[in-house]
Amino acid sequence: MKKLLAAAVIAAAPFAAMAGTVSDDFTITANVAEKCVILSGPADITVNYDPFDTNPVTASTSVDYDCVKQTTYDITVQGQNGVLTGATYGESLTYNLTTNPASLTGLTDTNGIVAGTPETLTIDVEIPAGQNVSVDTYTETVDVTITY
């Protein structure tokens, strides 16, 4: 029996020398691109304007947005020309826009690099007092654009 076992081990020896392992590796790459999203857009503003009131009419709205960390972006708030146009008579009411945070230069933030957490931009609207206009509905569309 010992001779048979020894013969089996000797016969298997060449095959045992042939056994081995081989390996390779691979790389996983994930590219993260710059991106911004508007989480909630600014609400429309409707105010009552009295041409005889000596105080300006003010209102605010805000936009919530977020960008991927380290995204460089510009955010711009822009009406066509700062004029609300009457639907019936075509008369004009001027208005002014300001933003908070006031880090915007004019109405464009050219230094935006966010930490990847939601940001809020408040947009304040002021319609100066004493504008002599007709009864009408005055409107203009204001765009909020994030370029990244």
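Residues numbered from 1 in each chain as written. Predicted model: local features only at pLDDT ≥ 70, side-chain atom pairs only at ≥ 80, totals over all residues. Heavy atoms only, no water.

## Details of the overall build of the chain
Across its full length, the chain carries 1 helix and 10 strands. Beginning at the N terminus, the succession of helices and strands in the chain can be written as α-β-β-β-β-β-β-β-β-β-β. The proportion of buried residues among the 148 residues of the chain is 24%. For the chain, restricting intrachain contacts to residue pairs at least 6 apart in sequence, the fraction spanning at least 24 positions comes to 80%. As presented, the chain carries roughly 10,600 Å² of accessible surface, and 54% of it is formed by carbon and sulfur atoms. (Helix = DSSP H or I, 4+ residues; strand = E, 2+ residues; numbered from the N terminus. Buried < 20%, exposed > 50% of the residue type's maximum accessible area, 1.4 Å probe, protein only. Contact = heavy atoms within 4.5 Å. Areas by Shrake-Rupley, 256 points an atom, 1.4 Å probe, with all protein chains shown as cover.)

## A look at the environment of Gly82
Relative to the assigned elements, Gly82 resides in the loop between strand 3 (72-79) and strand 4 (83-86). Look at Gly82 and you get buried, because its relative accessible area is 18%. Not counting residues up to four positions away in its chain, the partners in contact with Gly82 are Leu93, Thr94, Tyr95 and Glu140.

## Considerations on the environment of Gln78
With respect to the secondary-structure elements, Gln78 resides in strand 3. Sequence separation of Gln78 and Asp143 is 65 residues, and the distance between their C-alpha atoms is 5.3 Å.

## Observations concerning the sheet that holds strand 6 (residues 96-100)
Pairing is antiparallel across the open sheet formed by 4 strands, whose spatial order is 1-2-8-6. Every other strand in the sheet has two partners, leaving strand 1 (36-40) and strand 6 as the edge strands with one partner each. Geometrically, the sheet is characterised by an average inter-axis angle of 30° between neighbouring strands, direction not taken into account. Taken together, the 9 bridges between strand 2 (residues 57-67) and strand 8 (residues 119-127) define a ladder with antiparallel strand orientation. Its bridge partner being in strand 8, Ser62 is matched across the sheet by Thr122. (Pairing = 2+ DSSP bridges. Axes fitted to C-alpha atoms, helices over the stretch in contact; angles between N-to-C directions.)

## What to know about the state of the cysteines
Inspection of every chain in the model, using the stated rule, returns 1 disulfide. Two residues share a disulfide in this structure: Cys36 and Cys67, whose sulfurs sit 2.0 Å from each other. Residues Cys36 and Cys67 are joined by a disulfide whose S-S torsion is about 105°; by sign, that bridge is right-handed. Taken together, the residues Cys36 in strand 1 and Cys67 in strand 2 connect sequence positions 31 residues apart. For the pair Cys36 and Cys67, a shared accessibility class is recorded, and that class is buried. (Disulfide = S-S within 2.5 Å.)

## Some details on the confidence of the model for the chain
Predicted confidence across the chain gives a mean pLDDT of 84, with 78% of residues reaching 70 or more. Strand 9 (residues 138-139) holds the highest mean pLDDT among the elements of the chain, 98, whereas strand 7 (residues 108-113) holds the lowest, 54. (pLDDT = per-residue confidence, 0-100.)

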